[in-house]
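Structural overview for review
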Protein chains: 2
Amino acid sequence: MSSKAPDQNFLFENFSKIVGKDDVSVDETELFAYSLDASNHQGEPWAIVRPENRDELVQILKFCNEQRIPVNPRGAGTSFAGQALALKGGVMLDMRKMNRIKEINIGDRTVVVEPGIVYSKLNEELAKYGYSFPPEPGSAMSCTIGGMVSNNAGGIRAIKYGVTRDFVMGLEAVLPNGDVIRTGSRSIKTSSGYDLTRLFVGSEGTLGVITEITLKILPKPKHVQVLIAVFKTAVDAGKAASQIINSGITPSAMEFVDQFTAAAMNPGLSKPLPLGEANLMIETDGTEEDIVKAEMEKAAKVCQESGALEIKVSQDPEERLQMWRARDSVTTRLMQLRGEGMVPYAIVDTGVPISRVPEALRELKDVAKKAGAPLIVMFGHIGDGNIHLALSIDPTKELEKGDKIARSIMETVINKYRGTITAEHGVGLSKAPFMPLEHGVALNYMSKIKKVFDPNGIMNPGIMGLDEIPQSTFTHMPKKIGGS
Amino acid sequence: MSSKAPDQNFLFENFSKIVGKDDVSVDETELFAYSLDASNHQGEPWAIVRPENRDELVQILKFCNEQRIPVNPRGAGTSFAGQALALKGGVMLDMRKMNRIKEINIGDRTVVVEPGIVYSKLNEELAKYGYSFPPEPGSAMSCTIGGMVSNNAGGIRAIKYGVTRDFVMGLEAVLPNGDVIRTGSRSIKTSSGYDLTRLFVGSEGTLGVITEITLKILPKPKHVQVLIAVFKTAVDAGKAASQIINSGITPSAMEFVDQFTAAAMNPGLSKPLPLGEANLMIETDGTEEDIVKAEMEKAAKVCQESGALEIKVSQDPEERLQMWRARDSVTTRLMQLRGEGMVPYAIVDTGVPISRVPEALRELKDVAKKAGAPLIVMFGHIGDGNIHLALSIDPTKELEKGDKIARSIMETVINKYRGTITAEHGVGLSKAPFMPLEHGVALNYMSKIKKVFDPNGIMNPGIMGLDEIPQSTFTHMPKKIGGS
């Protein structure tokens, strides 16, 4: 793989021949814009290319493979871990022009899309038929389906409906040598050969470029209720959450929000939420109103018995929408607070077994504190064990401390809880240092699988610990806010 | 890979050193017994070894890898496609001594087992806690969890609860070089690295030997109802099935059974089922009795409106059990009919998109007839598009015709319906000729992935079209019933 940029005219001319001049850019300002995503990392591409179809992609990949030019596929750039950046330079493939819905098949409950379609746009179209693609990440309004598939995105509905992986029936992808493979089947069940579909799900653009996605879709639930319960401590809220799961009901969402997260949410709302020290936001949904209501009453009762200080149930769709939009924007808001004294440089995205959530909520905060974190913000999809922590550190002088904090948390999650270093954000660069910790010798086999598809290592290099293990989670930091 | 057997004493002595003399056999009668599974193929091992733990397996695999001896892992040998046979000789690994339940964790809704535990035994233990592992293949009473994972087994509950793949959270496996890898996480959500768990699910023992499985489990439904509806034609039954799915209810089972299948089922029952030309067996389940009953009433109404000649609803657990046991035994019974004039040599296991089931039921039968099949038996998990056909041919003189029939069916399923050559039985040897048809160039990448884990090709060679594509689906036939 080339780490030195070829002449820009050479790139511009060759890519222009494939996609036309209007869909290639080597403009400095634009290259800078694409050098950032929603993470704390930076990596500038040598050129930006916007393919419109599979045939163009075949030509682009063959050219880049011959020339050993890194290829970095990108959807909306909402990734928190640096997987949408050109960390080793190369071409940035902006996939957003490939955004067609190719087929909506209600009889089969499937939809076939190109990767560049935005999640909310797809669901808008599906809603016309009374259907939806349930996984709903925080970036629902802007993220692309291709990005969701490449990161196995989760979100607030995973507790009941599962994650992106559970909905992908098949894929079409272009490989570096120009081969076009089709994976999966239109049959809902298949036991035919290795599961290449799920190998590509979560592969973060390191194997090839996805050009078509077949997804399962589900009827939209007819009835929805939400509840906010305020608790004295995170452990109380965690216990209530575990208790709700054990009681046999499956909420369609169950979010934990601490006082700092609440503070980041409320300023955007016309009617502030009644949030306190530790809060649960719970949603139930379904086709039968009685059941949705009964489930919500049961959830409320469990919260009451677990010592909730205040409980508010709402059936108002407008209020509900506002509440989830505020929750969706939490990470973005926290990142924006960088300049205001609170510097949440690491958004940690750990997952632990459900039964150990209350214990982990306390311990992870303690571990972070002990390692020197001055302020820790906690929130997460508590119903599926996904705990987010935002750590405030000053990266211009505290990189070592930051790494120590992150490593302490990850070691606890893996060694004590047998959890995961990333439940839904993906590995990217931020979590790459911890891949050996979670996967041990299995990581070698992941690297070898990458070589099967991408022998020259041109596909999104520098992430997931497949080609190198970064020592620090704070590498490739944006220059203007410090770091290497 | 060696295709010539080493001296038997050499094998016996070396394996005895690892597992002890009692767990090695080179006895001729036993080798013959292990040369068969539930398929129409035969492959005799050179030795049988019964490992008791992971450490023994590490030594066995290292020895076989050095000596280039094929390694064939086997559970209960209930496979229909020849994947539990020693097609290239080598050692047969009988995994049934590794059958411990290592952990039942109700709080996390997970169970950790060794691969040799039998499905029904596991569910018996889980039932003590009010839980179950829902996928229920026809071989539920004897098949092992390791076999289910290796074939991504489906079964009658897949329509509502999903297939084995949907329940596997993590695995431990020993690779040919002795490496022990751990895949997945105890966190219910993870986006960390390539999904090696689901790569191993359905890999039919061609990558390594699974030594530990972590499964999701679910609370057992409290209420169950069943219904049998008799229709005039298969297309009527298929339409009713599609209609039921579209009506918004999700039965926990929906089976199609034709008149021949019914004839194979009824002799085993004390109280014969009211089965006719074309029948649907439908089950609803859940935690709330009212809903289970309401769903069943809705299903019955749809059957009525779709022209059912007779409908019988039952709430009697004994009747229900007998009915499903009879359904479970259908394939075995059909195979036993070999000697009685009806010779169902090929159990076809295709899957098509749900909306096209009625059309496919008619067309697949027509295609088979046109290709020369004298008698076609049809049954299947119609709610998820899984159609089984049993073809009666005389393999001593009709191999070419048999291949022609099988290929006509597979080409229709893939080219017209974009379905799958195997929805739940696995590829093995029987479906290996059709792997290029379904997967095209993607099959090359499956072969290359196999080489990553098994560079010497010792793991269960000769199946899945990974090392060679057999021309005929009737290769390696048992000598006593003809074939090559």
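Here goes a summary of the coordinates provided. Keep in mind that what you see is a predicted model, and the values were worked out from it rather than measured.

Here's the deal with the overall build of chain A
Within chain A, the secondary structure is distributed over 16 helices and 18 strands. Compactness check: chain A gives a C-alpha radius of gyration of 22 Å against a globular reference of 23 Å for 484 residues, within 12% of the reference. Considered along the principal axes of its C-alpha atoms, chain A spans approximately 65 × 60 × 45 Å. When each of the 484 residues of chain A is scored for burial, the buried share is 64%. A separation of at least 24 residues holds for 72% of the contacts in chain A among residues at least 6 apart in sequence. Surface accessibility of chain A: about 17100 Å² in total, with carbon and sulfur atoms responsible for 49%. For chain A, the distance from the average site of its 55 positive side-chain charges to the average site of its 59 negative ones is 3 Å.

Describing helix 10 (residues 289–305) of chain B
All names here are of chain B. The terminal C-alpha atoms of helix 10 lie 24 Å apart, and with 17 residues this matches the ideal 24 Å at 1.5 Å per residue to within 8%. Turning to helix 10, its buried residues number three or more, namely Val-292, Glu-295, Met-296, Ala-299, Ala-300, Val-302 and Cys-303. Along the axis of helix 10, the buried residues cluster in a sector spanning 160 degrees; they form a single face. Turned more than 90 degrees off the buried face of helix 10, the exposed positions are Asp-290, Glu-297, Lys-301, Gln-304 and Glu-305. Against strand 12 (223–231), helix 8 (234–246), strand 14 (278–286) and strand 15 (310–314) lie the buried residues of helix 10. Just beyond helix 10, the residue with positive phi is Gly-307, at close to 90 degrees.

Some remarks on the sheet that holds strand 8 (residues 168–174) of chain B
All names here are of chain B. Spatial strand order, 5-6-10-8-9: 5 strands in an open sheet with antiparallel pairing. Here the strands that pair on one side only, and so sit at the sheet edges, are strand 5 (101–105) and strand 9 (180–184). Mean inter-strand twist for the sheet, computed between neighbouring axes without regard to direction, equals 10 degrees. The pairing of strand 8 with strand 9 spans 5 bridges and is classified as antiparallel. Across the sheet, residue Val-174 finds its bridge partner in strand 9, namely Val-180. The strands touched by helix 3 (residues 54–67) within the sheet are strand 8, strand 9 and strand 10 (209–216), with strand 8 carrying the most contacts at an inclination of about 50 degrees.

Regarding the interface of chain A and chain B
Opposite the 74 residues of chain A that make contact, chain B presents 75 residues. Summed over both sides, the interface between chain A and chain B buries roughly 5900 Å², with carbon and sulfur atoms accounting for 55% of that surface. Looking at the side of chain A facing chain B, the largest losses of area belong to Lys-189, Tyr-194 and Tyr-445 of chain A, adding up to 17% of the total buried there. The tally of links between chain A and chain B comes to 6 salt bridges. Here chain A is connected to chain B by 40 residue pairs in polar contact (both at pLDDT 80 or more).

Some details on unusual backbone geometry
All names here are of chain A. Positioned with a positive phi, Arg-109 is a non-glycine residue whose angle comes to about 55 degrees. Of note, Arg-109 is situated in the loop between strand 5 (101–105) and strand 6 (110–113). The buried category is assigned to Arg-109, whose relative accessible area is 17%. Despite not being glycine, His-476 shows a phi value in the positive range, around 50 degrees. Tracing the sequence through the fold places His-476 in the segment after helix 16 (442–453).

Section: the pairing of strand 13 (residues 253–258) of chain B
Residues and elements named next belong to chain B. Across the 6 residues that make up strand 13, a large majority, 6, are buried. Because side chains alternate across strand 13, one face comprises the buried residues Ala-253, Glu-255 and Val-257, and the other comprises Met-254, Phe-256 and Asp-258, equally buried. Sheet topology note: the strand 13/strand 14 ladder contains 6 bridges and is antiparallel. For Ala-253, the partnering residue across the bridge sits in strand 14 and is Glu-283. By the bridge criterion, 2 bridges tie strand 13 to strand 17 (residues 376–381) in an arrangement that is antiparallel. Counted as the bridge partner of Phe-256 is Gly-380 from strand 17.

Regarding helix 4 (residues 119–127) of chain A
Those residues of helix 4 of chain A that fall on the buried side of the exposure criterion are Tyr-119, Ser-120, Leu-122, Asn-123, Glu-125 and Leu-126 of chain A. Packed against the buried residues of helix 4 of chain A are strand 5, strand 6, strand 7 (131–132), helix 5 (145–151) and strand 10 (209–216) of chain A.

Some words on the pairing of strand 3 (residues 71–74) of chain B
Residue and element names in this part refer to chain B. Alternating residues of strand 3 divide into Val-71 and Pro-73 and Asn-72 and Arg-74, and every residue in both groups is buried. Examined bridge by bridge, strand 3 and strand 4 (residues 91–94) share 4 bridges and lie parallel to one another. Of the residues in strand 4, the one forming a bridge with Asn-72 is Met-92.

Details of the relation of the copies chain A and chain B
Once chain A is rotated about the relating axis by 180 degrees and shifted along it by 0.0 Å, it coincides with chain B to within an RMSD of 0.0 Å. In the structure described here, the two chain copies are related by an operation that fits a two-fold rotation axis. Of the residues that chain A buries at the interface, 100% are likewise interface residues in chain B, meaning the two copies contact each other through the same surface.

As for the packing of helix 13 (residues 357–370) of chain A against helix 14 (residues 399–416) of chain A
All names here are of chain A. Where helix 13 meets helix 14, the axes come as close as 9 Å, and the angle between the chain directions of the two elements is 150 degrees. Helix 14 is crossed by helix 13, and the crossing has right-handed handedness. Contact with helix 13, carried on its side by Glu-359, Glu-363, Leu-364, Val-367 and Ala-368, involves Ile-405, Ser-408, Ile-409, Thr-412, Val-413 and Lys-416 of helix 14 and no other residues of that element. Across the contact of helix 13 with helix 14, the residue classes tally to 6 nonpolar, 2 polar and 3 charged.

Parameters at a glance
- Residues numbered from 1 in each chain as written.
- Chains lettered and ligands numbered in written order.
- Predicted model: local features only at pLDDT ≥ 70, side-chain atom pairs only at ≥ 80, totals over all residues.
- Heavy atoms only, no water.
- Helix = DSSP H or I, 4+ residues; strand = E, 2+ residues; numbered from the N terminus.
- Rg over C-alpha atoms; globule rule 2.2 N^0.38 Å.
- Buried < 20%, exposed > 50% of the residue type's maximum accessible area, 1.4 Å probe, protein only.
- Contact = heavy atoms within 4.5 Å.
- Areas by Shrake-Rupley, 256 points an atom, 1.4 Å probe, with all protein chains shown as cover.
- Lys, Arg positive; Asp, Glu negative; His and termini not counted.
- Charge placed at Lys NZ, Arg CZ, Asp CG, Glu CD.
- Expected span 1.5 Å × (residues − 1).
- Arc of directions from axis to C-beta.
- Pairing = 2+ DSSP bridges.
- Axes fitted to C-alpha atoms, helices over the stretch in contact; angles between N-to-C directions.
- Buried area = accessible area lost by both parts, 1.4 Å probe.
- Salt bridge = Lys/Arg side-chain N within 4 Å of Asp/Glu carboxyl O.
- Polar contact = N/O pair within 3.5 Å; in protein donor to acceptor, adjacent residues only side chain to side chain.
- Least-squares fit on C-alpha atoms with pLDDT ≥ 70 in both.
- Left-handed = near helix turned anticlockwise from the far one by under 90°.
- Nonpolar A, V, L, I, M, F, W, Y, C, P; charged D, E, K, R; others polar.

Geometry only, nothing functional implied.
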